[in-house]
Amino acid sequence: MLRNSNYVYGDRSLSVPADLNFGSYIIDAIWKHGDKTAMTNCATNQCLSYRAMAVEAMNLSISLTARGVKRGDVIAISSENRMEYFPTLLGICCTGATVTTTNPTYTKDEHKYVLDISKPKLVFCSPSAYKAHGKLFHSLPYIKSVVVYGERIPNTLSYEDLIRDNGVITPENFMAKDVEGQNDAAIVLYSSGTTGLPKGVMLTHLNVIVTCLVAPSVDPNELTLYITPWYHSMGLIASLRVFSKGNVMLFLPKFECDQYLRTIENYKVGQLVVAPPVLVALSKYSAKYDVSSVVAAFSGAAPLKKETIDAAKKRFPNLKHVFQGYGMTETTFSVIRDTYDSAHLSKTGGAGTIAACVVIKIVDIETRRPLGPNCRGEICVKGAPIMRGYVGRDRGDDFDDEGFFKTGDIGYYDDDKYFFVVDRLKELIKYKGYQVPPAEIEAVLTQHPDILEAGVVGVPHEGGEAPLAFVARRPGSNLTVEEVKSYVAEKLSNPKRLRGGVRFVEDIPKNPSGKILRKKLRGMLKNKSKL
């Protein structure tokens, strides 16, 4: 069978471990690094070594197995970023059970919705998450026990008791439970919900192993700063990739401009992993810190315009590379990316070249016919990192008859097989037959010196739909609606003008990876009190 000339193929030369248990794979990898620091909380200066992470994970796995946890069970983690998070995740994987991670800041209804998808048997949580959701956890019939980090609370188990010493334990005398790595879910995460209610994304042991095995994007000789929450795929999988390579992960539990820049100065950070809104905010923040150590930034979630990159290079004077990438929860991590090795191919506004172990095709939105270079259509992906499917949903709803996952994103690749992502299929604004990408208008708006953030949605109009912009102004700015409209009209073609209007807001709602939640923006239009 011949390859399709309109498909783009990634490198397939990769060796995977025979047992295909992700927990076992990571523990073997991190044990080699002994007492080297695995991660540092830059807000508290607290550190965890690789050996300590591995020992905690193995002890936890033994304790959970003794309590009857087995393959097929689901165990949840509901916590802010803290040191117990990854030993817990790895320990659960070693039992053969599936990990699911939930956002501790969810409302009661949001939390119940995602827990009803995965139905975990146990929940590990921080004291603050227990305070917020303990009653819910105890009320759900499928949750048999709750484990709390750092505190002893009545009617719960103590994490410290579960990681108690089980004697001299090493990877040589420890064995993870058998799994079917190509089919068993190691992790269930939840899609961002930008176009509807969240869905449970099943990532197999093989999905995560392959994602960790492909060459890392970051330079291991530079310290890298991360801020994305670990309950989200971007933060979780990026961290696991760091550990699989034995690198040091610096993290902050939350993003705040002043603390972020101060951390760069204090730790001499060389690389940043950020979403575009964070890079924009940092570029516009006026406080002065020595950030000359920064040489590279890795960005995802939305394309970066040349003006944003130029602004970032002014903020970080030694910034040589701004790498971009494209991926989603359903693809485990990025399937298109810029790297140091491919830096010479990098193009402004692009997402990068194809990653290893995947195949990508661009198809016509109407006919589903595969398209060649420089033709816009839906991005479809298949390969070893692509999810098994959604919990409780037939694969046929989301995969085509060739096994490609239909991403719902619009993009194209050029003659160099370099990819560009335009927008979400369901978020394109249709004005008089023209397809208007909201992200393009947002990128232009954030170039204005008086605009901190912007989000664009379509609203009913005599031409079908018209773009409406939500704008967060710089404090003290007197920017007017007409000035915003005129600015866009000067920069973009006629169909992209803000005929739907402009609404000034304090901030733009985003998910943890920095994607704008346009569903919430539309809800704000209906609820006038929020404007």
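Position numbers for residues count from 1 along each chain, tracking the sequence in the order it is written. Local features in this predicted model are restricted to residues whose pLDDT is 70 or higher, and side-chain atom pairs enter the listing and the counts only when it is 80 or higher, whereas totals over whole chains, interfaces and linings include all residues. Values shown for side chains rest on all heavy atoms present in the structure; no hydrogens or waters enter the calculation.

**Student:** So what exactly am I meant to see when it comes to the domain arrangement of the protein chain here?
**Tutor:** Note on interface size: it is often stated as the accessible area lost on association of the parts. The domain boundaries here were taken from an automatic or database domain assignment. If you check the domain split of the protein chain, you get domain 1 (21-179), domain 2 (252-426) and domain 3 (428-525). The straight-line distance from the C-alpha centre of domain 2 to that of domain 3 is 21 Å. Contacts are assigned to residue pairs with any non-hydrogen atoms lying within 4.5 Å of each other. The partner domain 3 presents 18 residues to the 15 residues of domain 2 that form the contact. The term buried area means the drop in 1.4 Å probe accessible area that two parts suffer when joined, counted for both and summed. For the pair domain 2 and domain 3, the summed buried area comes to about 1400 Å², and 55% of that belongs to carbon and sulfur atoms. Looking at the side of domain 2 facing domain 3, the largest losses of area belong to Lys284, Lys305 and Asp423, adding up to 39% of the total buried there. We define a salt bridge as a contact between a side-chain nitrogen of Lys or Arg and a carboxyl oxygen of Asp or Glu at a distance within 4 Å. Across the domain 2-domain 3 interface, the total number found is zero salt bridges. Elements supplying a minimum of two residues to the side of domain 2 that touches domain 3: helix 10 (276-284) and strand 22 (419-424). Three categories are distinguished: nonpolar for Ala, Val, Leu, Ile, Met, Phe, Trp, Tyr, Cys and Pro, charged for Asp, Glu, Lys and Arg, and polar for the others, with Gly belonging to the last. Counted by class, the side of domain 2 that touches domain 3 contains eight nonpolar, one polar and six charged residues. Helix and strand labels come from DSSP, where a helix needs a run of H or I of at least four residues and a strand needs a run of E of at least two; each type is numbered from the N terminus.

**Student:** Whenever I open this one, helix 5 (residues 127-139) confuses me. Can you help?
**Tutor:** What sets the pattern is the α-helix's 3.6 residues per turn: residues three or four places apart point alike. An expected span of 1.5 Å times one less than the residue number is assigned to each helix. Between its first and last C-alpha, helix 5 extends 18 Å over 13 residues, near the 18 Å set by a 1.5 Å rise per residue. The sharpest bend along helix 5 comes to roughly 70°, located at His133. Buried residues of helix 5: Pro127, Ala129, Tyr130, His133, Gly134, Leu136 and Phe137, and no others. In this analysis the local bend is the angle between axes fitted, respectively, to the seven residues ending at and the seven residues starting at the residue. Burial status follows relative accessibility: with a 1.4 Å probe on protein chains alone, a residue under 20% of its type maximum counts as buried, one over 50% as exposed, and anything between as partly exposed.

**Student:** Would you mind going over the nonpolar core with me for this structure?
**Tutor:** It is characteristic of soluble globular proteins that their nonpolar side chains tend to be buried jointly. Only buried residues count toward a nonpolar core, which is a set of Ala, Val, Leu, Ile, Met, Phe, Trp, Tyr and Cys residues joined through side-chain atoms within 4.5 Å. Among the nonpolar cores identified, the biggest contains 94 residues, and Phe22, Met39, Leu89, Phe124, Leu236, Leu240 and Phe243 are the most heavily contacted of them. Discounting chain neighbours no more than four positions away, the residues touching Leu236 are Tyr85, Phe86, Leu89, Ile187, Leu189, Pro229 and Trp230. Leu252, Tyr260, Leu261 and Leu304 belong to the second-largest nonpolar core, a separate cluster that totals 24 residues.

**Student:** I'm lost on the sheet that holds strand 13 (residues 271-274) in this one. Help?
**Tutor:** Strands belonging to one sheet form pairs held by backbone hydrogen bonds; the direction of such a pair is parallel or antiparallel. Strand pairing is defined by DSSP finding a minimum of two bridges between the two strands. One open sheet accounts for nine strands, arranged 3-2-12-11-13-14-15-16-17; its pairing is mixed. Each edge of the open sheet is held by one strand with a lone partner, namely strand 3 (46-49) and strand 17 (353-354). Both strand 15 (residues 321-327) and strand 16 (residues 334-337) contribute to a ladder of three bridges, which runs antiparallel. Paired with Tyr326 across the strands is Ile336, a residue of strand 16.

**Student:** Explanation requested: the pattern of salt bridges in the structure shown.
**Tutor:** Two side chains bearing opposite charge may form a pair once their charged atoms approach each other closely. Here the structure, examined in full by the defined rule, presents 20 salt bridges. Arg152 is paired through a salt bridge with Asp161; the nearest N and O atoms lie 2.8 Å apart. Of the residues examined, Arg152 reaches a relative accessible area of 60% and is grouped as exposed. Judged by relative accessible area, which is 35%, Asp161 ranks as partly exposed. Here Glu442 ties to Arg518 by a salt bridge, and the two come within 2.9 Å at their closest N and O atoms. Here Glu442 is found in helix 12 (residues 438-445), whereas its partner Arg518 is found in helix 14 (residues 518-526), with 76 residues between them in sequence. As far as the burial class goes, Glu442 and Arg518 line up, both buried. Among the ionic contacts, a cluster of salt bridges with common partners joins Lys70, Asp73 and Lys121.

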